[in-house]
Amino acid sequence: MTNRNCSFCDAQESERNPLIAGNGVYICKNCVVSAYKIMFGDSTETVSEQDEELLSAVNILMSPKELNSFLGDYVIGQERARKLVSVAVYNHYKRIFKNIKTDDDTEIAKSNVLLIGPTGSGKTLMAQTIARVLNVPIAIADATSLTEAGYVGEDVENILTKLIQAADGDVERAQKGIIFLDEVDKVSRMSENRSITRDVSGEGVQQALLKIIEGSSVNIPPKGGRKHPNQDFTVIDTTNILFICGGAFDGLQEILKRKQGQNILGFGHDKKSKDEQQPTYDMVEPDDLVSYGLIPELVGRLPIIASLSDINEEDMVRILTEPKNSLIKQYQKLFLIDDVELNFEDDALKAIAAKSIKRKTGARGLRAILEENMIDIMYELPEYAGYEVLITKEVIEDGEKPVYIKKSTKKTA
């Protein structure tokens, strides 16, 4: 078979660049793409091979409603926060892959997200779930370990190293990933006034985060660690990296109370109930975060503020049972390996939820409560092959033994 060449660029036919045959003429794939750009315009560069896997997930680009629905399979409650995150992520990746060239010089800036909520309310889980559905690399970093350059601790640039590692060393893929920076409230200043001295873990770290979050080319050590002049650097562009910051912001409610004038003393003020006295995170505005200790420049680079509320007992029970990877389903699968069927009474689930709320550990504390009550049961588990184990309210509250039922006879053992 003779080799055929493109009639326009004279490129030889290959598997990577196939030819379309016409009436005595041929055109290759690259020329078709170029012709499309000439006719219809295109503001994006030719997609690299490294982006193909990412584009396979993002080109279908789930709508905000579909993203929210997927989040709902793993994150119970927090409807408002899920909606805000879904819209932000959709707009971010639409901006990267579906940007349409217009006659003006309008450039769409990215909208980073700040998640505010108590511990165990689902901030980290939300970021992990979004990364799973988009099939993009995600790096989860803790802001408490970050310090200014020259001090003991991690450089701010190390969070980008983690993202490259999550992308298996592929810088191009990492540049379209997600960074979840947890405990961002721990780098707040001690007061609203700027410090004239070094603030090792506070304002200095926030200043270092500014250019990374906004979008710029950053030199980072390829293997992490501290920078030094005699090493090679990897350059990564953060323009298309979505930053999701999260924090509990303990003490923020006191700022909201003062803002509402609830600390005013004297006669003539109606005494409010405990629930009425507690402002919610939904009331948070950017100036409240500045009062808390974040610098205005950083707050400005996190335009979307999504608040997560405390989890009530009903939602806590749903978290135990409904998500695809819920704790109850995990334990049931673990028991099934030993041919033991595990079931919980409704009152037992409510007792677990009540314990977690009392400890103020959120959904994160559910596993610890289950482990405390299941350890003795699992210690004897291999002896009960062929049984059903029923966990009652008394097992959770009083430490009593569960009900063992022989599956063949269904009688209490």
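> Help me understand the confidence of the model for the protein chain in this model?
The predicted coordinates should not be examined in detail at positions where pLDDT is low. Across the protein chain, the average pLDDT comes to 80, with 78% of residues at 70 or higher. In the model of the protein chain, helix 2 (residues 52–58) stands out as the element of lowest mean pLDDT, 45, in contrast to strand 10 (residues 341–344), which has the highest, 95. The model gives residues 42–59 a pLDDT under 50, and that stretch makes 30 contacts with residues more than four places away or in other chains. With pLDDT under 50 throughout, residues 194–198 is counted as low confidence; its partners more than four residues away or in other chains account for 8 contacts.

> What should I look at first to understand the pattern of salt bridges in this one?
One side chain can pair with another of opposite charge once the charged atoms of both are near each other. Applying the stated criterion across every chain yields a total of 11 salt bridges. Residue Asp185 pairs with Lys186 through a salt bridge whose shortest N-O separation is 3.1 Å. One salt bridge in this structure joins Lys259 and Asp288, with 3.3 Å as the shortest N-O distance. Taken together, the residues Lys259 in helix 9 (residues 252–260) and Asp288 in helix 11 (residues 286–292) connect sequence positions 29 residues apart. Overall, Lys259 belongs to the partly exposed group, its relative accessible area being 43%. Owing to a relative accessible area of 2%, Asp288 belongs among the buried residues under this scheme. Among the charged side chains, a salt-bridge network with shared partners connects Lys259, Glu285, Asp287 and Asp288.

> What am I meant to see in the sheet that holds strand 5 (residues 178–182) here?
In any sheet, the strands associate via hydrogen bonds between backbone groups, in a parallel or an antiparallel arrangement. A sheet is described by the order of its strands in space; here 5 strands give the open sequence 4-5-8-3-9, paired in parallel fashion. Of all strands in the sheet, those with a lone pairing partner are strand 4 (138–142) and strand 9 (304–307), marking the two edges. Neighbour-to-neighbour, the strand axes of this sheet turn through a mean angle of 20 degrees, independent of strand direction. Where strand 4 and strand 5 come together, 5 bridges link them in parallel fashion. When the bridges of strand 5 are listed, Asp142 appears paired with Asp182.

> Is there a simple way to think about the sheet that holds strand 12 (residues 403–406) in this case?
The strand order across the open sheet formed by 3 strands is 10-11-12, and the pairing between neighbours is mixed. Every other strand in the sheet has two partners, leaving strand 10 and strand 12 as the edge strands with one partner each. Taken over all neighbouring pairs, the strand axes of this sheet differ in orientation by 25 degrees on average, direction set aside. In the sheet, strand 11 (residues 387–391) pairs with strand 12 via 4 bridges, with the strands oriented antiparallel.

> Help me out: how do you make sense of the nonpolar core in this one?
Grouped burial of nonpolar side chains is what soluble globular proteins tend to show. Among the nonpolar cores identified, the biggest contains 42 residues, and Ile159, Leu160, Leu181, Phe249, Leu252 and Leu289 are the most heavily contacted of them. Broken down by element, this core gets its largest block of residues, 5 residues, from helix 8 (residues 203–214). Beyond its immediate sequence surroundings of up to four residues, Phe249 is in contact with Leu114, Ile116, Val184, Asp185, Tyr281, Leu289, Tyr292 and Leu294. Met316, Ile328, Leu342 and Phe344 belong to the second largest nonpolar core, which has 30 residues in total.

> Teacher, can you tell me more about the packing of helix 3 (residues 64–72) against helix 4 (residues 79–97) here?
Relative placement of two packed helices is described by the angle separating their axes and the distance separating the axes. For the pair helix 3 and helix 4, interaxial distance at closest approach is 8 Å and the crossing angle is 130 degrees. Classified by the angle between their axes, helix 3 and helix 4 sit oblique to one another. As for how helix 3 packs across helix 4, the hand of that crossing is right-handed. Across the interface between the two elements, Pro64, Leu67, Asn68, Leu71 and Gly72 from helix 3 touch Arg82, Lys83, Ser86, Val87, Val89 and Tyr90 from helix 4.

> Sorry if this is basic, but what is going on with the environment of Asn112 here?
With respect to the helices and strands, the residue Asn112 is situated in the loop between helix 4 and strand 3 (113–116). Residues Asn112 and Glu214, spaced 102 residues apart in sequence, show a C-alpha to C-alpha distance of 8.7 Å. The residues touching Asn112, leaving out its near neighbours within four places in the chain, are Ile213, Ile241, Leu242, Phe243, Arg301, Leu302, Pro303 and Ile304. Polar side-chain contacts of Asn112 include one of 3.0 Å to the backbone nitrogen of Phe243. A polar contact is formed between the side chain of Asn112 and the backbone oxygen of Arg301, at a distance of 3.2 Å.

> I tried to follow the packing of aromatic side chains on my own but got confused; where do I start?
Note on aromatic pairs: each is described by the distance of the centres and the angle between the planes. Under the defined criterion, the tally for this structure stands at 4 aromatic pairs. Judged by centre distance (5.5 Å) and plane angle (45 degrees), the ring pair of Phe70 and Tyr74 falls under tilted. On the accessibility criterion, Tyr74 (13% relative accessible area) is buried. Among the aromatic residues, ring-to-ring pairing joins Tyr384, Tyr387 and Tyr404 into one connected group.

> Explain helix 15 (residues 346–359) here, please?
In this model, helix 15 (14 residues) spans 20 Å end to end at C-alpha, consistent with the 20 Å of a helix rising 1.5 Å per residue. What helix 15 keeps buried is the set Ala348, Leu349, Ala351, Ile352, Ala353 and Ser356. For helix 15, the elements touching its buried residues are helix 13 (313–321), helix 14 (327–336), strand 10, helix 16 (366–379), strand 11 and helix 17 (393–398). Lys360 sits one or two residues past helix 15 and shows a positive phi near 60 degrees.

> How do you make sense of the packing of helix 15 against helix 16 when you look at a structure like this?
Packing of helix 15 against helix 16 leaves a shortest axis separation of 9 Å and a crossing angle of 125 degrees. The angle between helix 15 and helix 16 places the two elements in the oblique class. Once helix 15 is placed against helix 16, the crossing between them reads as right-handed. Residues Ile352, Lys355, Ser356 and Arg359 of helix 15 pack against Leu366, Ile369, Leu370, Glu372 and Asn373 of helix 16. Taken together, the residues that form the contact of helix 15 with helix 16 break down as 4 nonpolar, 2 polar and 3 charged.

Procedures and definitions
Residues numbered from 1 in each chain as written. Predicted model: local features only at pLDDT ≥ 70, side-chain atom pairs only at ≥ 80, totals over all residues. Heavy atoms only, no water. pLDDT = per-residue confidence, 0-100. Helix = DSSP H or I, 4+ residues; strand = E, 2+ residues; numbered from the N terminus. Contact = heavy atoms within 4.5 Å. Salt bridge = Lys/Arg side-chain N within 4 Å of Asp/Glu carboxyl O. Buried < 20%, exposed > 50% of the residue type's maximum accessible area, 1.4 Å probe, protein only. Pairing = 2+ DSSP bridges. Axes fitted to C-alpha atoms, helices over the stretch in contact; angles between N-to-C directions. Core = buried A, V, L, I, M, F, W, Y, C linked by side-chain atoms within 4.5 Å. Parallel < 35°, antiparallel > 145°, perpendicular 65-115°, else oblique. Left-handed = near helix turned anticlockwise from the far one by under 90°. Polar contact = N/O pair within 3.5 Å; in protein donor to acceptor, adjacent residues only side chain to side chain. Phe/Tyr/Trp six-rings, centres within 6.5 Å; stacked < 30°, edge-to-face > 60°. Expected span 1.5 Å × (residues − 1). Nonpolar A, V, L, I, M, F, W, Y, C, P; charged D, E, K, R; others polar.

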